[in-house]
Every structure is written in structure tokens, then in C-alpha cells.
Amino acid sequence: MKVVLHRTHGGPDVLQMADVPMPDPGADEVLVRVEACGLNHLDVLQRRGPSLIPGFSLPHVSGMDIAGTIAAVGPAGDGRPGADPASNGRAGKGRTGGASALAEGARVVVNPAVPCGNCADCVAGADGRCATAGVIGANLAGGYAEYVLVPTANVHQVPDEVDLVDAAVVPTIWMTAWHALVEIGKVRLGETVLIHAAGSGVSTALIQLAKAAGARVVTTVGSDAKVEYARGLGADVVVNSTTDDVVAAVREVTGGRGADLVLDHVGPATWNTGVYSLAPRGRLVFFGNTTGNRAEFDLVYAYHFGLQLLGSDPYDRREFAAMLDAYWASTFRTPIDSEFPLADAAAAQERMESRRATGKIVLRP
């Protein structure tokens, strides 16, 4: 089968098309024929190097967001969810469950998080904290391929009325947004929420989720060309962060008080804007580092106003299923910026790095 992989770190030119043997599903695994794979910033960050996820190895096949059809089903095993990150790309054993009844040809979307199933956190149902978890497309072989091996527990059926391309762009951005906003940020009705970078995939989800929760949304864009895009998602106030003062705009719309909640997946470039936009005892949820790994801020200011700085950790399996159920039943949408054939993965990543995209970028094997 054909895959796109990189054998070294570097620019988009290190991505290469290659032929690799077709994998066979083992116990509690399915082989998924990839119909669409959504790109994420992790694809670019791990291509540039150094790797961010323990267990990463080269050569590597990226791609966390996968939708397709089941091509083959492995035998039933002992039912334990899990993965061995050192298993050379095999996803390992997966828990049998509702997905286990799916047969060849079933239309599915993939949860990329693969916990070990054996540690105390996994047994307690807190598998998001599994220290040896695998991530499809991060330290396990991903969806930049014609086929991918997936634990049975990680496939979820896609409703007949949902196109597989639309399903493929849901997992990472919506699960990241759901966990940060709902589980960690605990958004409440009537709150003012500041969301950075409206044109990004995860902010597309955050804006819609926050509005559905009854919050007032202030969001930022990098150019006037993205203002209408953000408003179309439901944002109440859109601020061009390259020309306008974001903190002043937040203070103005809140009568000087500030935002109750800030969502930051950008990192150092927006960190202090978020801190100074917060109301007393406001919450800043952070979960990304696209502009770097270190941020500096005024400790006295932060503790004087009782600011809460909350890291958004990995999600649990139960949350993924709940998020999907909510998404399928809603009017949420995930705009797609562009589609590229698998052979043009380098061009797709260049599009992502250009920051011109509004919405998700998709590869089609």
C-alpha cells in the first residue's frame, strides 16, 4: 500500500511517498481503508522535529484524523484497550464494545488516542492520563496512507447522512475544544469567552461550542479577510489582532471587567494578551504551543487578581463518544479549507504553515 512518510526531520520536502506491506489486523484490531485524513499542527511540528510525543520514531506516518471504511476485521482478543508505542506502528489490542459489531464495509471515524488498558489510570477509567498511551499519527502509524490499523475500540460508526470527509475533520479539533472548554474550562451560561485565532480548526470548534453553551464570544483574527468567517461561526466580537488592541477590545465589551474564560492554543505569542484580558478570578485554559514552549508573565498580577491558569490534559474515551454523539445531533459544522491528494501531502502542509487556511485541510488517498 502507499503511504507518505518522513525518514528525517525538516521542511515539507522530507515527506516522501513510499510503498509498504499491507498490514493484517491482529486481535481486537480492524484495518481501515482511509477515505480522508485531516491535517493537524502536530503533523507539522513532528515533521520539523524534535518529536513531541514519547515513543515517536522514524520513519513516521502522520495523520491523526481518519475516516474510512473497515476493510478487514481481526479476531476477538481479550478485550483490553491498549497499544504498545514501541510496536513499530501497530496499534495493539483494543477493547471490544459497541464498535466490535461493525463488519467489513462499515463507515467509521477513528479516535486517535490508544491507552494501554492495564495501568491504574486506565482501570479507573481515567485513560487520558495513561503514561504509555499511543496516539495514531503521533507515535503510531497514521492516516497519511491508503490503509491504517486501528484498535476495534477506537472506531465509531459514522451516520449514513454524514460524508466521510466531513467526519474526518471532527476528532482532534472537536475533542480538543470539548475537553478544554467543557471539562477543564467549565464554561457557564452568560460568561464572556476570549478565543484566539478564529481561523484555526480548534477555534472553529471552540466558537461554536461556546455559543451553544450560552457564552458571549470574543475572538481574534490575523487579517480583515477572516472577520466574516469568524462571524459566520457565531462570534459576537471579532478583533484583528495585528491592527487592534485585543485587551482593550475585551475590556470595552465587558464594561472594563474582562473575560471570564480565555482559551489559548497558540502559546507565547498570545499568552500575555490572554492574561491581561481576564477578569478577576478568570480562567485561562492553555493547550497548545504553536509559537513556542515558554511564556513569561507577571506573577504578582496573576495572583493579585486570583487568575486561574489551567492546563488542558488529554481526554478520556468516554468523552470522545459523548462528543461524537453531541456533534452528530447538532448543527455544528467544520469548514474545510482545501483537499489534496495523498501524493501532495507536502503542499497540504505548506498550506497549513502559510496561515492562509480558514478551516481544515484534508488529504484524500
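Residues numbered from 1 in each chain as written. Predicted model: local features only at pLDDT ≥ 70, side-chain atom pairs only at ≥ 80, totals over all residues. Heavy atoms only, no water.

1. Focus: the overall build of the protein chain
When you go through the protein chain residue by residue, the secondary structure sums to 11 helices and 17 strands. Reported as C-alpha extents along the three principal axes, the dimensions of the protein chain are approximately 60 × 45 × 40 Å. In the protein chain, which comprises 365 residues, the share counted as buried stands at 54%. Surface summary for the protein chain: the accessible area is close to 15,100 Å², and the carbon and sulfur share equals 52%. Between the centroid of the 30 positive side chains of the protein chain and the centroid of its 39 negative side chains there is a distance of 3 Å. (Helix = DSSP H or I, 4+ residues; strand = E, 2+ residues; numbered from the N terminus. Buried < 20%, exposed > 50% of the residue type's maximum accessible area, 1.4 Å probe, protein only. Areas by Shrake-Rupley, 256 points an atom, 1.4 Å probe, with all protein chains shown as cover. Lys, Arg positive; Asp, Glu negative; His and termini not counted. Charge placed at Lys NZ, Arg CZ, Asp CG, Glu CD.)

2. A word on the nonpolar core
Burial of nonpolar side chains together is a common tendency in soluble globular proteins. Ranked by internal contacts, the top residues of the largest apolar core, which has 47 residues, are Trp 174, Leu 181, Ile 195, Leu 206, Leu 263 and Met 323. Of all the elements in the fold, those that place two or more residues in this core are α3 (164–168), α4 (171–184), β10 (192–195), α5 (201–212), β11 (216–221), α6 (227–233), β13 (259–264) and α10 (317–329). Top element by residues in this core is α4. It accounts for seven residues. Excluding residues that lie within four positions of it along the chain, Trp 174 makes contacts with Val 169, Ala 205, Gln 208, Leu 209, Met 323, Tyr 327, Phe 332, Arg 333 and Thr 334. The next biggest cluster of nonpolar side chains, apart from the first, holds 39 residues, and it includes Leu 39, Ala 106, Val 108 and Val 114. (Core = buried A, V, L, I, M, F, W, Y, C linked by side-chain atoms within 4.5 Å. Contact = heavy atoms within 4.5 Å.)

3. As for the packing of aromatic side chains
According to the stated counting rule, one finds nine aromatic pairs in the structure shown. Geometrically, the ring pair formed by Trp 174 and Phe 332 is stacked, given 4.9 Å between the ring centres and 25 degrees between the ring planes. Of this pair, Trp 174 sits in helix α4 while Phe 332 sits in the loop between α10 and β16 (336–341); the two residues are 158 residues apart in sequence, bridging distant segments of the chain. Classification of Trp 174 by relative accessible area gives buried; the value is 1%. Ring pairs connect the aromatic residues Trp 174, Tyr 327, Trp 328 and Phe 332, which therefore count as one cluster. (Phe/Tyr/Trp six-rings, centres within 6.5 Å; stacked < 30°, edge-to-face > 60°.)

4. Some thoughts on the sheet that holds strand β14 (residues 278–286)
Spatially, six strands are ordered β12-β11-β10-β13-β14-β15 in an open sheet, and the strand pairing comes out parallel. Each end of this open sheet is capped by a strand with a single partner; those strands are β12 (237–240) and β15 (308–311). Neighbour-to-neighbour, the strand axes of this sheet turn through a mean angle of 20 degrees, independent of strand direction. With four bridges connecting them, β14 and β15 associate as parallel partners. Bridging from a neighbouring strand, Arg 283 pairs with Gln 308 of β15. Across the sheet, α4 is in contact with β13, β14 and β15; its angle to β13 comes to roughly 150 degrees. (Pairing = 2+ DSSP bridges. Axes fitted to C-alpha atoms, helices over the stretch in contact; angles between N-to-C directions.)

5. Let's talk about unusual backbone geometry
Most of the time, phi is negative for any residue but glycine, and the peptide bond is trans. In this structure, Pro 50 follows Gly 49 across a cis peptide bond, with omega equal to -5 degrees. Its location among the elements puts Pro 50 in the loop between α1 (41–48) and β4 (65–73). For the peptide bond that leads from Leu 58 to Pro 59, omega is 0 degrees, which places it in the cis range. Tracing the sequence through the fold places Pro 59 in the loop between α1 and β4. For Lys 186, which is not glycine, the phi dihedral falls at a positive 50 degrees. Take Lys 186: it is sitting in the loop between α4 and β10. Classification of Lys 186 as partly exposed rests on a relative accessible area of 48%.

6. Here's the deal with the packing of α4 against α10
At a minimum axis separation of 10 Å, α4 and α10 run at an interaxial angle of 105 degrees. Comparing the axis directions of α4 and α10 gives the class roughly perpendicular. Taking contact as the criterion, the partners of Pro 171, Trp 174, Met 175, Trp 178, His 179 and Glu 183 in α4 are, on α10, Arg 318, Glu 319, Phe 320, Ala 322, Met 323, Ala 326 and Tyr 327. Looking at the contact of α4 with α10, its residues break down into nine nonpolar, one polar and three charged. (Parallel < 35°, antiparallel > 145°, perpendicular 65-115°, else oblique. Nonpolar A, V, L, I, M, F, W, Y, C, P; charged D, E, K, R; others polar.)

7. Considering the environment of Pro 314
Structurally, the position occupied by Pro 314 is in the loop between β15 and α10. Judged by relative accessible area, which is 53%, Pro 314 ranks as exposed. Along the chain, Pro 314 and Ser 57 lie 257 residues apart, while their C-alpha atoms are 21 Å from each other. Leave out the neighbours within four places in its chain, and Pro 314 touches Gly 128 and His 179.

8. Let's talk about the pairing of strand β8 (residues 147–151)
Burial analysis of β8 places five of its five residues in the buried class, the great majority of the element. Side chains of β8 alternate between two faces, with Tyr 147, Leu 149 and Pro 151 and Val 148 and Val 150 buried alike.

9. Digging into helix α7 (residues 246–253)
Taken together, the buried positions of α7 are occupied by Val 246, Ala 249 and Val 250. Projection of α7 onto a plane perpendicular to its axis shows the buried side chains occupying an angular sector of 100 degrees, all on one side. In the core, the buried residues of α7 are packed alongside β10, β11, β12, β13 and α8 (268–277). Looking one or two residues past α7, Gly 255 carries a phi angle of roughly 65 degrees, positive in sign. (Arc of directions from axis to C-beta.)

Keep in mind these values describe shape, not function.
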